[in-house]
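Observations on the model geometry
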Amino acid sequence: MRTLVRGGTVVTAVDTYEGDVWIDGEKIVAITLPGLPGAMSGREPERTIDARGKYVMPGGIDAHTHLDMPGSGTVSADDFESGTLAAAHGGTTTIVDFPTQTKGRSLREALDTWHAKAEGKTAIDHGFHMIVTDVNPSTLDEMGALVREGITSFKLFMAYPNVLYIDDGQIFRAMQRARDLGAMICMHAENGLALDVLVEQAIARGETAPKYHSITRPQIAEAEATHRALALAEMAGAPVYIVHLSASRALEQVVEARDRGLPAYAETCPQYLFCSIDDLDREGFEGAKYVCTPPLRPREMQDDLWRGLRTNDLQVVSTDHCPYCFKGQKDRGRDAFTKIPNGMPGIETRLLLLWDGGVRAGRISMNRFVEITSTAPAKIFGLFPRKGTIAPGADADLIVWDPDKELELSQANLHMRVDYSPYEGRVVKGAPTHVLSRGEVVIEHGKHVAKKGRGAFLRRDTVR
Ligand code: URP
Ligand code: ZN
Ligand code: ZN
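Residues numbered from 1 in each chain as written. Chains lettered and ligands numbered in written order. Predicted model: local features only at pLDDT ≥ 70, side-chain atom pairs only at ≥ 80, totals over all residues. Heavy atoms only, no water.

Moving on to the overall build of the chain. The helix and strand tally for the chain stands at 13 helices and 20 strands. Taking 464 residues into account, the globule formula puts the C-alpha radius of gyration at 23 Å, and the chain, at 21 Å, falls close to it. With the C-alpha coordinates of the chain rotated into their principal frame, the extents come out at 75 × 50 × 40 Å. Within the chain, buried positions represent 61% of all 464 residues. Across the chain, every contact between residues at least 6 apart in sequence was considered, and the portion connecting residues at least 24 apart equals 76%. Accessible area of the chain: about 16,700 Å², with a carbon and sulfur share of 49%. Taking the average location of the 54 positive side-chain charges in the chain and that of its 62 negative ones, the two points are 2 Å from each other. (Helix = DSSP H or I, 4+ residues; strand = E, 2+ residues; numbered from the N terminus. Rg over C-alpha atoms; globule rule 2.2 N^0.38 Å. Buried < 20%, exposed > 50% of the residue type's maximum accessible area, 1.4 Å probe, protein only. Contact = heavy atoms within 4.5 Å. Areas by Shrake-Rupley, 256 points an atom, 1.4 Å probe, with all protein chains shown as cover. Lys, Arg positive; Asp, Glu negative; His and termini not counted. Charge placed at Lys NZ, Arg CZ, Asp CG, Glu CD.)

Below, the discussion takes up the environment of Val 135. Within the fold, Val 135 resides in the loop between strand 11 (130–131) and helix 3 (137–148). Taking relative accessible area as the criterion, Val 135 reaches 10% and is therefore assigned buried. Separated by 18 residues in the primary sequence, Val 135 and Lys 117 have C-alpha atoms spaced 24 Å apart. Among residues more than four places away in sequence, those in contact with Val 135 are Leu 140, Ile 166, Gln 170, Arg 173 and Ala 174.

Turning our attention to the site of ligand 1. Around ligand 1, the surrounding shell holds 13 residues, and the nearest of these are His 66, Lys 155, His 188, Thr 293 and Asp 320. Between ligand 1 and the protein, one listed contact pairs an oxygen atom with a side-chain N or O atom of His 64 at 3.4 Å. A distance of 3.4 Å separates an oxygen atom of ligand 1 from a polar side-chain atom of His 244. In isolation ligand 1 exposes 270 Å². Once the protein is present, 96% of that is buried. Per-class residue counts for the shell around ligand 1 are four nonpolar, seven polar and two charged. (Near = heavy atom within 4 Å. Polar contact = N/O pair within 3.5 Å; in protein donor to acceptor, adjacent residues only side chain to side chain. Nonpolar A, V, L, I, M, F, W, Y, C, P; charged D, E, K, R; others polar.)

For Arg 460, the location among the structural elements is in the segment after strand 20 (447–448). Side-chain polar atoms of Arg 460 contact the backbone oxygen of Phe 128, separated by 2.6 Å.

The next point concerns the nonpolar core. Membership of the largest hydrophobic core comes to 108 residues, with the highest contact counts inside it found for Met 175 and Met 187. Two domains each donate at least three residues to this core, and these are domain 1 (2–57 + 392–448) and domain 2 (59–380). Residues contacting Met 175, with those up to four places away along its chain left out, are Ile 185, Met 187, Ala 229, Leu 232, Ala 233, Ala 236, Ala 238 and Val 240. (Core = buried A, V, L, I, M, F, W, Y, C linked by side-chain atoms within 4.5 Å. Domains from an automatic or database assignment.)

Bringing unusual backbone geometry into the picture now. With an omega dihedral of -5°, the bond running from Thr 293 to Pro 294 counts as a cis peptide bond. Note that Pro 294 resides in the loop between helix 10 (277–280) and helix 11 (301–311). Of note, the amide linkage connecting Phe 384 to Pro 385 takes the cis form, showing an omega dihedral of 0°. Structurally, the position occupied by Pro 385 is in the loop between helix 13 (366–380) and strand 17 (398–408). Phi angles above zero are rare outside glycine, and Ser 72 is one such case at about 50°. Owing to a relative accessible area of 48%, Ser 72 belongs among the partly exposed residues under this scheme. A positive phi is found at His 445, a non-glycine position, where the angle reads about 45°. Relative to the helices and strands, His 445 is located in the loop between strand 19 (440–444) and strand 20.

In many reports, interface size means the accessible area that the parts give up when they come together. We note that the domain assignment places domain 1 (2–57 + 392–448) and domain 2 (59–380) within the chain. One C-alpha centre belongs to domain 1, the other to domain 2, and the line joining them spans 28 Å. Tallying the contact residues gives 41 residues for domain 1 and 50 residues for domain 2. Approximately 3,600 Å² of surface area, both sides summed, lies buried where domain 1 meets domain 2, with 63% of it carried by carbon and sulfur atoms. Three residues stand out in domain 1 for area buried against domain 2, namely Arg 417, Tyr 420 and Tyr 423, and they jointly supply 20% of the buried area on that side. Our count for the domain 1 to domain 2 interface comes out at three salt bridges. (Buried area = accessible area lost by both parts, 1.4 Å probe. Salt bridge = Lys/Arg side-chain N within 4 Å of Asp/Glu carboxyl O.)

The next point concerns the coordination of the zinc ion (ligand 3). Taken together, the protein ligands of the zinc ion (ligand 3) are His 64 (NE2), His 66 (NE2) and Asp 320 (OD), with distances of 2.0 to 2.1 Å. Bound by four donor atoms, the zinc ion (ligand 3) shows angles of 87 to 133° at the metal and therefore tetrahedral coordination geometry. Spacing between the donor residues of the zinc ion (ligand 3) along their common chain follows H-x1-H-x253-D. Taken as a pair, the zinc ion (ligand 3) and the zinc ion (ligand 2) lie 4.0 Å from each other. In this pair, His 64 sits in strand 6 (residues 60–65) while Asp 320 sits in the loop between strand 16 (316–317) and helix 12 (350–359), placing the two residues 256 residues apart along the sequence. Accessibility expressed as a relative area gives 0% for His 64, which makes it buried. (Donors = N, O, S within 2.8 Å, 3.2 Å for Na, K, Ca; no water. Tetrahedral: all angles 85-135°; square planar, octahedral: opposite > 155°, others 65-115°.)

Below, the discussion takes up the environment of Arg 52. Here Arg 52 shows up in the loop between strand 4 (47–50) and strand 5 (55–58). Residues Arg 52 and Val 400, spaced 348 residues apart in sequence, show a C-alpha to C-alpha distance of 9.6 Å. Beyond its immediate stretch of four places on either side in the chain, Arg 52 contacts Arg 6, Gly 7 and Gly 8. Side-chain polar atoms of Arg 52 contact the side chain of Asp 50, separated by 2.6 Å.

What follows is the structure, encoded as structure tokens:
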């Protein structure tokens, strides 16, 4: 199918200009001045999308999702079908999800399990990072095989003792291996051993409400672990990407490392930019809807995160989409916040919130919006230039974005399979009219118009 996206304003991480985007099959083949007669003579488009008055941007890349993820005695509420469909509705055309190694089992088993979860289900393309919970000679060896299959990043946990946590020696060995393989280490940076003591003490005092989830996970625990992760990565000579950075003092650590020229990167998530500890203290048990880890912080920290995004101290905004329904999942923790499954929905609302609360609010430019939602994650995770930009030869993963379209972020208007929206009632301005994945229109004016399960697994390149 040959498609012409006509008359829009093309926005990439570096450019803004009027242009016609020509697509042949899955690829962008040319970008021409608007209406240039005969630009593709003999190759007339079979379909034309009128993008006049709209922006044409690379599809979003969400580098942090948890679909169909078992944990906390339950499973995250979106599977690969509902989650990727919701992502597409919000303008995201690629996700990178997290297979999780079961302690004592192989990475291969985890990967096979996640391939089976995703196979034939995805509306858009997906890649995988591998969560390593058991670093031993066999898994270190397996990391090489995975990298050759396009799994070029590994997530490690400094939190959740007895579940996902690994110690500094194991982290260091995995980092050395990643260095040798050209792979990226993604780090969940919180001092889990110390935090578990605070949690135990709070519960003993009868402090069981959702807000204690944040109070027992102070930012110093995130800053300390971030510092340690950066130091271990420096010792190992490996690149490191701090996931879901939530706190000002953790950001200071990243700034310090980057100022010294280290290959250190960090993402934050919309919930840390738009929600706060005040949400955890909502009436009744409503705060449970806002329990995620690291926790929501005092509202003042949001300014630091926005500044970090402007100055490139933070490179990416991804979602950490890990949805649990309020009824039947979150409400398991009515008697103790420790039983509330950790995570928030967001795969569909990331671009909507960042445009409205970032671009429209004057906090970031349109180009920076594209960079933090698409180009930077593509570059950091080995997908660029196939994904993350609009250029001849790139996959035609595009969004046509109407800056005047309004949408209320209510659960009823969204497609995530979760029974609440953290942003219920918030009206945003700016939303996609068309979402294309590899040249195929997936979403058209809010309707899913592509074949189910058309998405593909992405083998990612190494990162250096
Ligand atoms: O609360 C969160 N973030 N749940 C997902 C697991 C993680 O640590 O990313
Ligand atoms: Zn994490
Ligand atoms: Zn996560």
